[in-house]
Every structure is written in structure tokens, then in C-alpha cells.
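This is what each chain is made of:
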Amino acid sequence: QLQLVESGGGLVQPGGSLRLSCAASGFTLDYYAIGWFRQAPGKEREGVGCISSRGGNTNYADSVKGRFTISKDNAKNTVYLQMNSLKPEDTAIYYCAAPRLLRSCTLLGSTYDYWGQGTQVTVSS
């Protein structure tokens, strides 16, 4: 049983910060890359960032570079998405995902096989 569970979303004012968590169960994150994606109402899914299985490589979408950071805590089998300087345009449901066969870091959503249920992030005054 492979499962990913996101948490940490909520309502925040522009310029604020949130840290999202992606907790893995049924498998060890050391063997998987993890991608973060988001989808706003009426919009297509967008790749936010990713981290390689060993944590040595990360990639970010241009829209979040310099504001978002992905990290891993192997002891907790959890990946984090630290979001700073949040903008209303960041409002979306955020998902984490893992590919079945690849350990590399990619923002291509079709690469991923296992998805969490998502957590809502709302940036508004």
C-alpha cells in the first residue's frame, strides 16, 4: 500500500508563509523522487517543484523560484514545501506525487504514478 498525504494548507495573507508536508507510507522516500503540483479552479495542473530520491537535486517552476523550497526529512519519511512571499496567484490545491520507475526530478506530471489527496492553499487579504 503506497500512500502520500499532504497537510499544512490554509488561509494566509499576501506576503505570508506556509509549510506544506507530504508524508509517505507503505514505501520509503529514499527510493522515489517527489514532485509538488498545484491546480487552481479552471486552470490546468502546474508543476511547482521536485526533489530527487536522494535529495541532491531540486527543480522549481520559474513562477516560484526564490520563494519556494523543497526539502526532505528521511527520519520522518516526509517531504516539505516551504512557501514564502505568497501571492494571490499561488492560490490552488497543492499535491505531492511520486513516480513508479524514476528517481530523477521532473516537473512533468505524466511521469508520476502516486498522488496525494491535495491540500488547499488560499492567499487572500
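Heads up: the structure comes first, above all this text.
First, a word on what this report is: a plain description of the structure on this page.

**Examining the sheet that holds strand E7 (residues 68-73)**
Two modes of strand pairing occur in sheets, parallel and antiparallel, and in both the strands are linked by backbone hydrogen bonds. Strand order in this open sheet of four strands is E1-E3-E8-E7, and the pairing throughout is antiparallel. Lying at the two open borders of the sheet, with one neighbouring strand each, are strand E1 (3-7) and E7. Between one strand and the next, the sheet's axes are offset by a mean angle of 20°, whatever the strand orientation. Where E7 and strand E8 (residues 78-83) come together, six bridges link them in antiparallel fashion. Its bridge partner being in E8, Lys72 is matched across the sheet by Val79.

**Observations concerning the pairing of E8**
Burial of E8 is extensive: five of the six residues sit out of reach of the surface. Relative to E8, strand E3 (residues 18-25) runs antiparallel, the two sharing six bridges. By the bridge assignment for E8, Cys22 is matched with Val79. The hairpin turn running from E7 into E8, its antiparallel successor, is four residues long, and Asn77 in that turn takes a positive phi close to 55°.

The rules behind these values
Residues numbered from 1 in each chain as written. Predicted model: local features only at pLDDT ≥ 70, side-chain atom pairs only at ≥ 80, totals over all residues. Heavy atoms only, no water. Pairing = 2+ DSSP bridges. Helix = DSSP H or I, 4+ residues; strand = E, 2+ residues; numbered from the N terminus. Axes fitted to C-alpha atoms, helices over the stretch in contact; angles between N-to-C directions. Buried < 20%, exposed > 50% of the residue type's maximum accessible area, 1.4 Å probe, protein only.

That's the geometry; what it means functionally is another story.
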